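# Survey of secondary and tertiary structure
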Amino acid sequence: MKTTHYDAIVIGTGQAGPALAARLAGAGRRTAVVERSRFGGTCVNTGCIPTKTLVASARAIHMARRGDEFGFTTGGEVRADFARIKARMEAVVRESREGVEGWMKDTPNVTVLEGHGRFTGSHTVEVDGTRLEADHIFINVGGRAVVPDLPGIGDVPVLTNSGILALAAVPEHLVVIGGSYIGLEFAQIFRRFGSQVTVVERGARLIAREDDDVSSTLQGILVAEGVDVRLDATCIGLQRMASGVGVEVDCTQGAPMVEGSHVLLAVGRRPNTDDLGLAAAGIATDARGHITVDEQCRTNVAGVWAIGECNGRGAFTHTAYNDFEVVAANLLDDDPRRLSDRIPCYALFTDPPVGRVGMTTREARASGRRVLVGYRPMTKVGRAREMSETQGFMRALVDAETKLMLGAVVVGVGGDEIVHSVLDVMYARAPFTTISRAVHIHPTISELVPTMLQDLRPLD
């Protein structure tokens, strides 16, 4: 088999891979890009872009149903036209996917190979009968939904975050197994589209990574919209029913069985590393299959990097893109950036959303610091009242000694955007007074962030 030499090979076209390939090619390095399926990876095809498009449709429908509250009528019942919703979603996804594909295929010094890339040695990759070699190889293969070995799972059809996007109609009763970020977004989306929705969670509360009041507030919002929540489901199993699927929950309260038309599994993700030939390359992985990397995304094999979700150092599009920035900075710019430079930040895109940066109150207490906290309920935010969006609260944490911000959470309208004002100050390592003494625009939600920080109290 003939071997073609490149300066660099990028396997996968998720958030990190294409940007890195373009940088490498622009630096004069002959680069091969390998994609086995759809350009753009999870974010473009089955993650951020399609789901946030659905979130937008669901919010528009929800707001239209609130017409009486805002002083207008719609002329009849507001119903979701799922065919049109899906067509809109697919159009947005297609534009993004074709944009990534066109970008790669039109970039000078980049050769695109469509097929499944597998390592045959430490610096050789075979793509459907074509052998490539390079001094530098970058793995950007992403991840997929975990399908747990639940009792009866082989007897019933189940959905994951990708399969649910292919549905042709709104489920009559969607049972979501997993009360965390992905599951709760889909739960609210399909409830607003008209499905009956039940969320089944093994734990004692939803989104267990968050503080208790964040979990309870979000649960209250979902329940108020008609989502049924079943917690402490300690013995989950599936069985085929006349109505569709039965989900055994074995909860201390409520019926022991939930009958639904569809079941969505949202219990975690796993990396797409099991069919890459990593053993042939000698590339190390951890117990969950994530490729082990150092602070610059380098694997244990010299000249091989792993970027994005497959390295286990971040499960978000923004962390994947930062992986690209870290690798490019070290490799091309002589800038020793590190993965540990970044501050944890993410959002849950329910409506209202949850935006979080830095520490939770639980983590702050465990740190041993003397911590100050600022708090403001959305009912005390003028703009939120004017918008009739008073659900939730904002909270910020400050180190009492250094005056540096430790973290913040905003559960409420605009929360996914508002927390960035705190995040930027944290990156600048500036004191909280940078915000508390700032003059923000009135009337906005963000104008209450300085006010909140002017009333700090010791964290209990």
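So, here's what we can say about the structure. The structure presented is a predicted model; accordingly, all values stated were derived computationally and were not measured. Numbering of residues begins from 1 in every chain and follows the order in which that chain's sequence is written. Under the rules for a predicted model, residues below a pLDDT of 70 receive no local features and side-chain atom pairs below 80 are neither given nor counted, while totals for whole chains, interfaces and linings still include all residues. Hydrogens and water are ignored here; the side-chain numbers use all heavy atoms of the structure.

## Description of the packing of helix 1 (residues 17-26) against helix 5 (residues 82-106)
Between N-to-C directions, angles span 0 to 180 degrees; the directions come from axes that are lines fitted to C-alpha atoms, helices contributing only their stretch in contact. Under the DSSP-based scheme used, a helix requires at least four consecutive residues in state H or I and a strand at least two consecutive residues in state E, with every element numbered from the N terminus. Their axes nearest at 10 Å, the elements helix 1 and helix 5 cross at an angle of 20°. Between helix 1 and helix 5, the interaxial angle falls into the category roughly parallel. Relative to helix 5, helix 1 is oriented so that their crossing is left-handed. For the pair helix 1 and helix 5, the contacting residues are Pro-18, Ala-19, Ala-21 and Ala-22 in the first and Val-100, Trp-103 and Met-104 in the second. Here the word oblique covers every angle except those under 35 degrees (roughly parallel), over 145 (roughly antiparallel) and from 65 to 115 (roughly perpendicular). Working rule for handedness: look at the near helix, and if it is turned counterclockwise from the far one by less than a right angle, call the crossing left-handed; if clockwise, right-handed. Every residue pair with non-hydrogen atoms within 4.5 Å of one another is taken to be in contact.

## A closer look at the state of the cysteines
Disulfides are defined as cysteine sulfur pairs within 2.5 Å. Summed over the entire model, instances satisfying the criterion amount to zero disulfides. Free cysteine Cys-43: the closest other cysteine sulfur is in Cys-48, separated by 3.3 Å. Taking the relative accessible area as the measure of exposure, Cys-43 reaches 14% and is therefore buried. Note on classification: 1.4 Å probe, protein chains only; a residue is buried when its accessible area is under 20% of the maximum for its type, exposed when over 50%, partly exposed between these limits. By relative accessible area, Cys-48 is classed as partly exposed at 30%.

## Comments concerning unusual backbone geometry
Residue Pro-352 follows Asp-351 across a cis peptide bond; omega there is 0°. As for its placement among the helices and strands, Pro-352 is situated in the loop between strand 17 (345-348) and strand 18 (354-358). Omega for the bond connecting His-442 with Pro-443 falls within 30 degrees of zero, at -5°, which places this linkage in the cis form. One can find Pro-443 in the loop between helix 14 (433-436) and helix 15 (448-453).

## A few points about the pattern of salt bridges
A pair is scored as a salt bridge if a Lys or Arg side-chain nitrogen falls within 4 Å of a carboxyl oxygen belonging to Asp or Glu. For the structure shown, the criterion picks out 28 salt bridges. Residues Glu-114 and Lys-105 are paired through a salt bridge, measuring 2.9 Å at the closest nitrogen-oxygen approach. Residue Lys-105 is classed as partly exposed on the basis of its relative accessible area, which comes to 40%. Put simply, Asp-351 and Arg-192 hold a salt bridge, and the shortest N to O gap is 2.7 Å. One end of the pair, Asp-351, is in the loop between strand 17 and strand 18; the other, Arg-192, is in helix 6 (residues 181-193), with 159 residues separating them in the sequence. As far as burial versus exposure is concerned, Asp-351 and Arg-192 are alike and both buried. One network of salt bridges, in which partners are shared, links Arg-59, Arg-66, Glu-69, Arg-192, Glu-225, Asp-351 and Glu-389.

## With respect to the layout of surface pockets
Taken as a whole, the second largest pocket holds about 240 Å³ of empty space. For the lining of the second largest pocket, the secondary-structure elements that each account for two or more residues are strand 21 (405-411) and helix 13 (420-428). Looking at the lining of the second largest pocket residue by residue, the class counts come to nine nonpolar, two polar and three charged. The distinction between a cavity and a pocket rests on a 1 Å grid over the protein atoms alone: a 1.4 Å probe fits inside a cavity but cannot get out, while a pocket stays open yet meets protein on both sides within 12 Å along at least five of seven lines, and a residue with an atom within 4 Å of a point counts as lining. Grid points are joined across faces, edges and corners, and a volume is the space filled by probe spheres set on the points. Three classes are used: nonpolar for Ala, Val, Leu, Ile, Met, Phe, Trp, Tyr, Cys and Pro, charged for Asp, Glu, Lys and Arg, and polar for all others, with Gly counted as polar.

## Focus: the side chain of Thr-31
Mapping Thr-31 onto the fold places it in strand 2 (residues 31-35). Taking relative accessible area as the criterion, Thr-31 reaches 0% and is therefore assigned buried. We define a polar contact as two N or O atoms separated by no more than 3.5 Å, with the added condition that, inside protein, one atom must be a possible hydrogen donor and the other a possible acceptor, whereas residues neighbouring each other in sequence contribute only through side-chain atom pairs. A distance of 2.8 Å separates a polar atom in the side chain of Thr-31 from the backbone oxygen of Arg-29. If near-sequence neighbours (up to four positions away) are discounted, Thr-31 is found in contact with Tyr-6, Ala-8, Val-10, Ala-21, Leu-24, Ala-25, Asn-109, Val-110 and Thr-111.

## Focus: the sheet that holds strand 20 (residues 393-399)
A sheet is described by the order of its strands in space; here six strands give the open sequence 17-18-21-20-19-22, paired in antiparallel fashion. Two strands lie at the open edges of the sheet, namely strand 17 and strand 22 (457-458), each paired on one side alone. DSSP bridges decide pairing: two strands pair if at least two such bridges lie between them. When strand 19 (residues 371-377) meets strand 22, the two strands line up antiparallel, connected through two bridges. Paired with Leu-372 across the bridge in strand 22 is Pro-458.

## Description of the sheet that holds strand 13 (residues 257-260)
Pairing is antiparallel across the open sheet formed by three strands, whose spatial order is 11-12-13. If you trace the sheet from one side to the other, it starts and ends with strand 11 (237-241) and strand 13, each paired once. Across the sheet, the mean angle separating the axes of adjacent strands is 25° when strand polarity is ignored. Judged from the four bridges that link them, strand 12 (residues 244-248) and strand 13 form a sheet pairing that is antiparallel. When the sheet's bridge partners are listed, Val-245 is paired in strand 13 with Gly-260.

## Some words on the nonpolar core
In terms of nonpolar packing, the biggest core is built from 44 residues, with Ile-9, Phe-119, Phe-138, Ile-139 and Ile-283 touching the most fellow members. What Ile-9 contacts, discounting residues up to four positions off in sequence, is Ala-32, Val-34, Val-125, Leu-132, Glu-133, Ala-134, His-136, Ile-137 and Phe-138. Nonpolar cores are built from buried Ala, Val, Leu, Ile, Met, Phe, Trp, Tyr and Cys residues. Side-chain atoms within 4.5 Å join them into one set. In this structure, Phe-82, Phe-190, Leu-264 and Phe-393 belong to the second largest nonpolar core, which totals 40 residues.

## What about the packing of helix 1 against helix 9 (residues 317-332)?
One way to put it is that helix 1 packs onto helix 9 with a least axis distance of 9 Å and a crossing angle of 20°. By the angle between their directions, the pair helix 1 and helix 9 is classed as roughly parallel. Seen from above, helix 1 lies across helix 9 with right-handed handedness. Seen from helix 1, the contacting residues are Ala-19, Leu-20, Arg-23 and Leu-24; seen from helix 9, they are Tyr-321, Phe-324, Val-327, Ala-328, Leu-331 and Leu-332.

## Digging into empty space enclosed by the protein
For the coordinates displayed, the defined rule picks out four cavities of 30 Å³ or more. Space inside the largest cavity adds up to approximately 60 Å³. In terms of lining, the largest cavity is formed by Asp-211, Arg-356, Met-359, Thr-360, Thr-361, Arg-395, Ala-396, Leu-397, Gly-407, Ala-408 and Val-409. Where the lining of the largest cavity is concerned, the elements lending two or more residues are strand 20 and strand 21. Along the lines of polarity and charge, the residues of the lining of the largest cavity split into five nonpolar, three polar and three charged. Considering only enclosed or pocket space, the second largest cavity measures out at about 40 Å³ in volume. Lining the second largest cavity are Arg-395, Ala-408, Val-409, Val-410, Ile-418, Val-419, Val-422, Val-449 and Met-452. Counting residues per element, the lining of the second largest cavity draws most heavily on strand 21, at three residues. Taken together, the residues of the lining of the second largest cavity break down into eight nonpolar, no polar and one charged.

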